[in-house]
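These are the residues of each chain, in order.
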Amino acid sequence: MTRPVLISPSILSADFARLGEEVRAIDEAGCDWVHIDVMDGHFVPNITIGPAVVKALRPHTKKPFDVHLMISPVDLYLDAFASAGADIITVHPEAGPHIHRTVQHIRSLGVKAGVVLNPGTPAKMLDYLIDDVDLILVMSVNPGFGGQSFIPSQLRKIEAIRKMIEKSGRDIRLQVDGGIDLITAPQAIAAGADVLVAGTATFRGGPSAYADNIRALRGG
Ligand SMILES: O=C(CO)[C@@H](O)[C@H](O)COP(=O)(O)O
């Protein structure tokens, strides 16, 4: 199934002092989703934002909030992020004892469920999850920071997961995140990704450049 590629700017690269304005600016610039990276300083070596900030940002756009939780234990916080306005919640299998139960719980909250594969996590991990997720995120950098370089081996993983999705016949988005720029975006799309997360490549140049940056990531 070929679908339009969606752009989900990671607000990790936004100006945190003006986060509401930045979210409005990427909305007006034509983004499809807003990618919110939640980090706890324990599961990953960085600390970002919590449900209160997600709630405060919610009135600034109607675009879906795509919330990537890099926190452990993750289960304690699912309800809070759903209530704060998340539309998609994406979790790591390493962040709790029962990934299948975690995914079921996210869906029971009326939120779409995503699962994330770190660069070292094999596609095979999805064998018994693919029937229960709405989104699969391939991390093309080790999670924790923006501005890292794309890890080329992840293209093979995207190709393998695209085949798994086709075989399942299910409507599952395949997202890629980390080091996405004008060189790596077409490579990831050719491999089968249909949602691009981009922080540095969206926010570079300031608000007047966001629309051009997003258009260029889509392929012009
Ligand atoms: O989740 C993460 C990092 O952990 C990403 O969302 C980055 O924030 C993407 O940043 P760029 O590589 O696009 O600068």
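You'll find the protein entered in an unreviewed UniProt entry as Ribulose-phosphate 3-epimerase, with Sphingobium amiense given as the organism. Quoted verbatim from the Catalytic activity (unreviewed entry) field of the UniProt record, the comment on the protein reads "D-ribulose 5-phosphate = D-xylulose 5-phosphate". In its Function (unreviewed entry) section, the UniProt entry covering the protein states "Catalyzes the reversible epimerization of D-ribulose 5-phosphate to D-xylulose 5-phosphate."

Participant: It is not clear to me how unusual backbone geometry should be interpreted in this structure. Could you clarify?
Facilitator: A cis amide bond, omega 0°, links Ser-72 with the succeeding residue Pro-73. Turning to its location among the elements, Pro-73 is positioned in the loop between strand S3 (65-70) and helix H3 (78-84).

Participant: So what exactly am I meant to see when it comes to helix H1 (residues 19-28) here?
Facilitator: Quick reminder: α-helices carry 3.6 residues per turn. Residues three or four places apart thus point the same way. Where H1 is concerned, the buried positions are Glu-22, Val-23, Ala-25 and Ile-26. The buried residues of H1 occupy an angular sector of 160° when the element is viewed end-on, so they sit on one face. Seen from the buried face of H1, the exposed residues on the opposite side, beyond 90 degrees, are Glu-21 and Glu-28. Phi for Gly-30, located one or two positions after H1, is positive at around 105°.

Scoring rules and cut-offs
Residues numbered from 1 in each chain as written. Predicted model: local features only at pLDDT ≥ 70, side-chain atom pairs only at ≥ 80, totals over all residues. UniProt positions renumbered as here; feature names shortened; annotations may be inferred. Helix = DSSP H or I, 4+ residues; strand = E, 2+ residues; numbered from the N terminus. Buried ≥ 20, exposed ≤ 12 C-beta atoms within 10 Å, placed from the backbone. Arc of directions from axis to C-beta.

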